Amino acid sequence: MPNHPPPATRHQLTIGWLYPDLMSTYGDRGNIICLQKRCEWRGIATKIINIDPSTSEHGLSTIDLLFGGGAQDREQTLVMRDLRGSKKKAIIELIEHNIPSLFVCGAPQLMGEYYEPAKGERIEGLGIFAMHSKHPGPAADRLIGNTVAEVSWNNLGEPDHPQTHIVGFENHGGRTYLNRSAKPFATVVKGYGNNGEDRTEGIVHKNAIGCYFHGPLLPKNPVIADWLIKKALEVKYQTKIELAVLDDKVENRAQAAIVSRLGVSV
């Protein structure tokens, strides 16, 4: 946190939040709060649009940064019914036009090709992410616990980025499998990741990130929050942006404590 408020800038961002009443488990609201505060501390104005069935295509077209959180299977089904309507084309266009996005837990499953729940019919996704997800059945163990991963910055277009590790908490029954053409968000160091088998964590498509990191992700890993903010500003204003540096000592200590607790050397 800065010692004093920064001067106001002309920059502003509109952040779209997918179905906050249905998709906000495990503290996912904290991601929105983190984005708001890190913009505020830099004098960047923000506006939050809660995306729900009443949101129009025009409303979606004004979004500079998109976020979607986790949900249970029933809520995912309800959300997908609405997404497959007029919103499908608008959201695909946002992501294909490089609008930065973060999808956590259930949200990336909806952005993938399909999700097969433990019970019930397969949920067809939007096909943005080259992946599919399956629940192995009611008797299968959930993939739960604190986790550490190494970010694949190459896939985010920043191969020389100095900070490589992120931390989080995962709690999911579904297993996600990437297609051969897909780019993972990170490599698991401790934990399960997408499926507990191949050490992949999440997926990247253009400026969109999908992952299983709850907890929430961004307050524990401000470097990812800043990447999203920076990209959103650069796409909107079509110019190179250098964000003012914030004092992240507290966040870094919290991250180091989790890494230490898990016995990981980074």
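Above: the structure in question.
Anyway, here's the lowdown on the structure attached to this text.

Here is what the cut-offs are and how they apply
- Residues numbered from 1 in each chain as written.
- Predicted model: local features only at pLDDT ≥ 70, side-chain atom pairs only at ≥ 80, totals over all residues.
- Heavy atoms only, no water.
- Helix = DSSP H or I, 4+ residues; strand = E, 2+ residues; numbered from the N terminus.
- Expected span 1.5 Å × (residues − 1).
- Contact = heavy atoms within 4.5 Å.
- Phe/Tyr/Trp six-rings, centres within 6.5 Å; stacked < 30°, edge-to-face > 60°.
- Buried < 20%, exposed > 50% of the residue type's maximum accessible area, 1.4 Å probe, protein only.
- Pairing = 2+ DSSP bridges.
- Salt bridge = Lys/Arg side-chain N within 4 Å of Asp/Glu carboxyl O.

### Observations concerning helix 7 (residues 249–261)
With 13 residues, helix 7 extends 18 Å between its outermost C-alpha atoms, agreeing within 8% with the 18 Å of an ideal straight helix rising 1.5 Å per residue. Elements that come into contact with the buried residues of helix 7 comprise helix 1 (29–40), strand 8 (143–151), strand 9 (165–172), helix 5 (217–220) and helix 6 (222–237). Phi turns positive, to about 70°, at glycine 263, one or two residues after helix 7.

### Notes on the packing of aromatic side chains
Taken as a whole and assessed by the stated rule, the structure comprises 1 aromatic pair. The interplanar angle of 75° and the centroid separation of 6.0 Å between the aromatic rings of phenylalanine 103 and phenylalanine 129 together place this pair among those described as edge-to-face. In this pair, phenylalanine 103 sits in strand 4 (residues 101–104) while phenylalanine 129 sits in the loop between strand 6 (123–124) and strand 7 (131–134), placing the two residues 26 residues apart along the sequence. With relative accessibility at 0%, the residue phenylalanine 103 sits in the buried group.

### Details of the sheet that holds strand 12 (residues 200–201)
Within a beta sheet, neighbouring strands are joined by backbone hydrogen bonds and run either parallel or antiparallel to one another. On the basis of which strands lie adjacent, the open sheet formed by 4 strands has the order 9-8-11-12 and antiparallel pairing. This sheet does not close on itself; its edge strands, each paired only once, are strand 9 and strand 12. Relative to strand 11 (residues 186–190), strand 8 runs antiparallel, the two being bridged by 4 bridges. Paired with glutamate 150 across the bridge in strand 11 is threonine 187.

### Notes on the sheet that holds strand 10 (residues 175–178)
In spatial order, the strands read 6-5-7-10; together these 4 strands make up an open sheet with mixed pairing. The sheet is open, and its two borders are formed by strand 6 and strand 10, each paired with just one other strand.

### A word on the pattern of salt bridges
A side chain of one charge can pair with a side chain of the opposite charge if their charged atoms are brought near each other. Considering all chains together, one arrives at 11 salt bridges under this definition. One salt bridge in this structure joins aspartate 64 and lysine 236, with 3.3 Å as the shortest N-O distance. Of this pair, aspartate 64 sits in the loop between helix 2 (57–61) and strand 3 (65–68) while lysine 236 sits in helix 6, and the two are 172 residues apart along the sequence. A residue is classified by how much of its surface remains accessible, and aspartate 64, at 9% relative accessible area, is buried. Salt bridges sharing common partners tie together Arg38, Arg42, Asp226 and Asp248.

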